[in-house]
Amino acid sequence: NDLASLMDVSVNDVIAKCMNLGIFASINQRLDAETITIIADEFGYDVKFTEADDETEVFEEEDNPEDLKDRAPIVTIMGHVDHGKTSLLDFIRESKVTAGEAGGITQHIGAYDVMTESGKKVAFLDTPGHEAFTAMRARGAKITDVAIIVVAADDAVMPQTKEAINHAQVAGVPMVIAINKVDKPNANVEKIKEQLANINILVEDWGGKYQCQEVSAKTGQGIEDLLEKVLLEAEVLELKANANKSAVGTVVEAELDKGRGYLTTIMIQAGTLKIGDVVLAGAHYGKVKAMFDHKGQKVKEAGPSTPVLMLGLDGAPQAGDRFNVMETDREARDIANKREQIQREQSMRTKKHITLDEIGRRLAIGSFKELNVIVKGDVDGSIEALSDSLLKLSTEEIQVNIIHKAVGQISESDVLLASASDAIILGFQVRPSQNARKIADNEEIEIRLYSIIYDAINELKDAMEGMLAPTK
Ligand code: GDP
């Protein structure tokens with residue numbers, strides 16, 4: 001209605017345009033920026049957004065240069081499967097736990113920070129691979145300062161090595177190359193350097209600009225040097241943050257714990273987070289009840305480049321969501337509610353903006369089919385991984401749409417959404433609530449439960465092949 005009156009056209013015309021985009025809008029529907037731009041364009045208008053208009057944004061003040069202090073780099077490890085990303089992350093995490101520290105490693109929280117022998121801190125995102133990196137970037141989160149690209153010396157530069165390098169380059173994140181598994185008898189470091197050179201990644205001793213370190217995640221050889229090279233790279237970036245203000249950061253992971261409620265791992269990027277702070281993260285909010293470091297030890301406050309696990313949010317935000325501390329509970333709740341409303345409305349519509357022509361063309365050849373899917377799971381990481389793989393199953397004949405994905409039990413509202421949009425529900429390591437199960441039975445909504453991502457993908461793939469129209 002607002003948009004129609006701004007453009008001086010009839011509301012029905014705007015609603016009709018929305019429908020063309022696959023959005024079944026009511027007169028009071030909130031539309032996202034992209035949709036508004038497309039629709040305005042159809043009526044011959046240009047759109048300019050002013051920040052003040054967006055009630056879902058949090059205003060973040062600029063820092064005075066004199067308040068800025070050095071902060072530790074935040075590092076992501078990427079590379080081809082089996083080249084040793086997880087082993088490296090594990091080795092660094094475990095070798096840095098000083099003897100006698102209570103409990104040792106108690107909990108995987110998606111990120112950790114360590115002190116190098118030179119007395120400097122480095123923080124790691126503990127979710128290897130560029131999927132997590134990309135999922136975060138897709139939400140606009142720029143959290144990684146330096147990327148370590150791992151290549152196994154007994155293997156070769158592989159497709160995912162190239163992909164990882166590409167992701168880092170596109171994001172403008174500096175790289176350090178770690179040539180891993182040098183303890184193996186068949187390791188061939190020079191071959192790897194040559195293959196890197198062939199894709200324009202010239203390492204320093206080949207006269208290039210990329211720092212490179214031979215390491216073994218098995219024996220620990222070279223790992224301290226690798227960390228020093230990361231620090232050197234970080235020095236050039238002059239990473240700074242103001243620790244003396246309300247915390248801001250990014251959600252790394254969130255999950256529902258049966259006993260403790262929602263556990264959210266956040267990477268603090270500036271400011272200091274304290275117990276009792278009112279936080280807003282994505283579409284959720286709450287008061288910080290408790291915080292833990294990656295060793296499972298309670299902390300009272302946490303500053304820049306520190307990952308913490310916090311308790312107190314009213315739901316699970318998504319990896320990559322921005323995290324802010326708000327003045328009042330009420331302010332946090334208002335924004336969280338508005339964001340949730342927008343998310344809900346957006347999940348009611350088909351994500352892919354298909355044009356009329358395209359629908360017509362596909363209908364004309366009699367092969368237009370879409371598969372709507374709702375994905376629920378226990379941790380954000382697996383939901384993202386599963387959703388990404390499912391989307392990749394899309395073919396010319398069948399488009400897979402993930403119309404909703406979230407952490408938590410399969411709820412009544414999931415089933416209602418599935419009913420309204422003719423979707424199936426996939427649960428990964430979660431089950432439906434009793435009510436949800438009842439409604440699903442009544443409405444004949446299919447709920448499939450999995451504990452292995454691979455099984456979910458394969459089953460859906462088979463189903464899609466069955467759905468294909470018989471070829472004549
Ligand atoms: P990812 O898929 O990149 O996370 O690779 P992993 O960390 O799971 O490692 C794949 C396999 O290589 C595992 O069996 C590891 O034990 C082994 N591995 C990793 N790093 C080394 C290393 O430096 N030396 C040796 N010998 N084996 C390694």
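Everything that follows concerns the structure shown earlier in this document.
As a starting point, this report considers the structure included with it. Being a predicted model, the structure only gives us computed values, none of them experimental.

The next point concerns the site of the ligand. In the neighbourhood of the ligand, 15 residues make up the surrounding shell, with D82, T86, S87, D183 and A217 lying closest. A distance of 3.0 Å is found between an oxygen atom of the ligand and a side-chain nitrogen or oxygen belonging to N180. Within the side chain of S216, a nitrogen or oxygen atom sits 3.3 Å from an oxygen atom of the ligand. Summarising the interface, the protein chains cover 71% of the accessible area of the ligand, which totals 580 Å² for the free molecule. Of the residues in the shell around the ligand, the class split is two nonpolar, seven polar and six charged.

Another aspect to go through is the packing of aromatic side chains. Within this structure, the stated rule accounts for one aromatic pair. Sitting above the plane of the F43 ring, K17 keeps its charged end 5.6 Å from the centroid. Its guanidinium or amino end placed over the ring of F292, R260 lies 6.0 Å from that ring's centre, counting from NZ or CZ.

Take the pairing of strand 6 (residues 175-180) next. Counting buried residues along strand 6, six of its six residues qualify, which places the element largely inside the surrounding structure. Judged from the six bridges that link them, strand 5 (residues 146-152) and strand 6 form a sheet pairing that is parallel. Pairing of I149 across the sheet is with I177, part of strand 6. With helix 6 (residues 159-171) bridging strand 5 and its parallel neighbour strand 6, the resulting β-α-β unit is right-handed.

For the rest of this paragraph, the subject is helix 4 (residues 85-95). Along helix 4, the residues classified as buried are K85, L88, L89, I92 and R93. The buried residues of helix 4 all sit within an arc of 125 degrees when viewed along its axis, so they share a single face. On its buried side, helix 4 packs onto strand 2 (74-79), strand 3 (111-115), strand 4 (121-125), strand 5, strand 6 and helix 8 (223-237).

The rules behind the values
Residues numbered from 1 in each chain as written. Predicted model: local features only at pLDDT ≥ 70, side-chain atom pairs only at ≥ 80, totals over all residues. Heavy atoms only, no water. Near = heavy atom within 4 Å. Polar contact = N/O pair within 3.5 Å; in protein donor to acceptor, adjacent residues only side chain to side chain. Areas by Shrake-Rupley, 256 points an atom, 1.4 Å probe, with all protein chains shown as cover. Nonpolar A, V, L, I, M, F, W, Y, C, P; charged D, E, K, R; others polar. Phe/Tyr/Trp six-rings, centres within 6.5 Å; stacked < 30°, edge-to-face > 60°. Lys NZ or Arg CZ within 6 Å of the ring centre and 35° of its normal. Buried < 20%, exposed > 50% of the residue type's maximum accessible area, 1.4 Å probe, protein only. Helix = DSSP H or I, 4+ residues; strand = E, 2+ residues; numbered from the N terminus. Pairing = 2+ DSSP bridges. Right-handed = clockwise from strand over helix to strand, strands pointing away. Arc of directions from axis to C-beta. Contact = heavy atoms within 4.5 Å.

Taken by themselves, the reported measurements are silent on function.
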